[in-house]
Amino acid sequence: MTPDLTLGGSGDLVLQVTNYLTRLNLLKGESSIFDAQVQSAVKEFQQSRGLTVSGVVDDTTLRALDEARWKLGDRVLTFTQPLMRGDDVAALQSQLSEMGFNCGRVDGIFGKDSESAVMEFQKSVGIKVDGRCGPATIMSMLRLKKIVSGGAPIQLRDAAIRAERGPALAGKVIVIDPSESAAIFDLSQRLEGRLVALGVNVYLTRAITSNPDESERIEIANAASADLVISLHQDRYLNERAQGVATYYYGSDSHGVHSIVGERFATLAQREICARTDLLNCRTHAKTWDLLRLTKSPTVRIELGYETNPGDHRRVSDPEFRETVVEALMVAIQRLYLSAENDAKTGTLRISDLRRAGLRR
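In this convention, every chain numbers its residues from 1, walking through the sequence in written order. Totals for whole chains, interfaces and linings use every residue, but because this is a predicted model, local features are given only for residues with pLDDT of at least 70 and side-chain atom pairs only at 80 or more, for both listing and counting. With hydrogens and water excluded, all non-hydrogen atoms of the structure serve as input to the side-chain values.

J.: I keep staring at the overall build of the chain and nothing clicks. Help me out?
T.: In this description a helix means any DSSP run of H or I spanning at least four residues, a strand means any run of E spanning at least two, and both kinds are numbered starting from the N terminus. When helices and strands are tallied, the chain shows 14 helices and nine strands. Here the term buried applies to any residue with accessible area under 20% of the maximum for its type, exposed to any over 50%, and partly exposed to those in between, with areas from a 1.4 Å probe on protein chains only. Here the chain holds 361 residues, and the buried ones make up 48% of them. Across the chain, the fraction of contacts at a sequence separation of at least 24, relative to all contacts at a separation of at least 6, is 66%. Reported accessibility uses the Shrake-Rupley method at a 1.4 Å probe radius. Residues are deemed covered only where the shown protein chains occlude them. For the chain, the exposed surface amounts to about 17,300 Å²; the carbon and sulfur share of it is 50%. Here a residue-residue contact requires only that any non-hydrogen atoms of the pair lie within 4.5 Å.

J.: I'm lost on the packing of helix α10 (residues 260-276) against helix α13 (residues 319-337) in this one. Help?
T.: Only the stretch in contact is used when a helix axis is fitted, and all axes are lines through C-alpha atoms; the angle between N-to-C directions ranges over 0 to 180 degrees. Contact geometry of α10 with α13 gives a least axis separation of 8 Å together with a crossing angle of 145°. Handedness of the α10/α13 crossing: right-handed. Together, Val261, Arg264, Phe265, Leu268, Ala269, Glu272, Ile273 and Arg276 of α10 and Thr324, Val325, Glu327, Ala328, Leu329, Val331, Ala332, Ile333, Arg335 and Leu336 of α13 make up the contact between the two elements. Residue classes in the contact of α10 with α13 are distributed as twelve nonpolar, one polar and five charged. Take the far helix as the reference: if the near one is turned anticlockwise from it by less than a right angle, the crossing is left-handed, and if turned clockwise, right-handed. Residues are grouped as follows: nonpolar covers Ala, Val, Leu, Ile, Met, Phe, Trp, Tyr, Cys and Pro; charged covers Asp, Glu, Lys and Arg; every other residue, Gly included, is treated as polar.

J.: How do you make sense of the environment of Phe101 when you look at a structure like this?
T.: Structurally, Phe101 can be placed in the loop between α4 (87-98) and β2 (109-110). Placed 13 residues apart in sequence, Phe101 and Ser114 show a C-alpha to C-alpha distance of 9.2 Å. Setting aside chain neighbours within four positions, we find Phe101 in contact with Leu96, Ala117, Glu120, Phe121 and Ser124.

J.: Would you mind going over helix α2 (residues 36-48) with me for this structure?
T.: Helical geometry: 3.6 residues make up each α-helical turn, so side chains three or four residues apart lie on a common side. Helix length check: α2 (13 residues) gives 18 Å between terminal C-alpha atoms against 18 Å at 1.5 Å per residue, within 8%. Of the positions making up α2, those classed as buried are Val38, Ala41, Val42, Phe45 and Gln46. Within α2, the buried residues cover an arc of 140° as seen down the axis, which keeps them to one side. Structural note: α2 exposes Ala36, Gln37 and Gln47 on the side pointing more than 90 degrees away from its buried face. Buried residues in α2 make contact with α1 (12-23) and α3 (59-68). N or O atoms within 3.5 Å of each other form a polar contact, as long as, within protein, one can give a hydrogen and the other can take it, and as long as residues adjacent in sequence are counted only when both atoms are side-chain atoms. The N-cap of α2, judged by a side-chain oxygen 3.2 Å from the amide nitrogen of Gln37 a few residues on, is Asp35. In the segment just after α2, Gly50 is the residue with positive phi, at about 70°. Working rule for helices: expected span equals 1.5 Å times residues minus one. Here the arc refers to the set of directions running from the helix axis out to each C-beta atom.

Quick look at the structure:
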């Protein structure tokens, strides 16, 4: 890990960062000094990439800057270890998806799914099938793109998968990812108990005695082949007046893509929690945080108030409040799998309604 770059810093790494920012037209000229202009450009970049807007260049921001410098055609894209990452990969994935080739999530990471999609495309247009995206493949894509439009295949596949799985919760796999907070862990266990009672296969990414890091939690979620991943946290801020609940899902304006299921569940969870509690509504947001981006299943992070706000802290510390949040999440989960005609208004369903509806096989 490299040390975070902050206001007042200097050195070769700052020069590299300002080079990236200049090439992205966010800064005029390179510099080895991390001044206010550089900080402002970093914040603008973070905002555009769905990162936490801090003005600090941490490992995540530095990696995103490196990825942003690549345009499709700058290099040959192929399956390697470590995996190739960049905006060129995202552009390739987006174009393949639009033409109906399934490369999985448009995440800017050239994995096995991307290689398979490239090979399928190469086979369909009669060029060498090697899974490598070089000049010949790009030229074939450009020619074909003028006459073929695939609509929204990712959305169609997601809708088909949800329809195939049906509305019943029984048999579905849900991963709950609680923070280290004792109150949040208790909430997660309560949610686990309600889901298990409805026949859901539930996995928790951490236990009272274990504290896996983010990469380990991502591996746990991916290994479970989950239908949904729910990451539960409380936020923190220097100003104790910061308060409220917010939900986050994978989405990138720069890549022109977002998780359809993730956004749907984030919206449902946000609405149900706000309808049942007095937490301030801080809305839903698309982000490219690693947990959201690298987890293969639809993943939503919920910031349930601020630990640093006395009111929010008092609410989450109350077992009755946590039980109310559990009910909100249970209903949001069920609404995710209901068809539009069978859905209900926000804040109206109760867990008892789900049992009476026979949603457990």
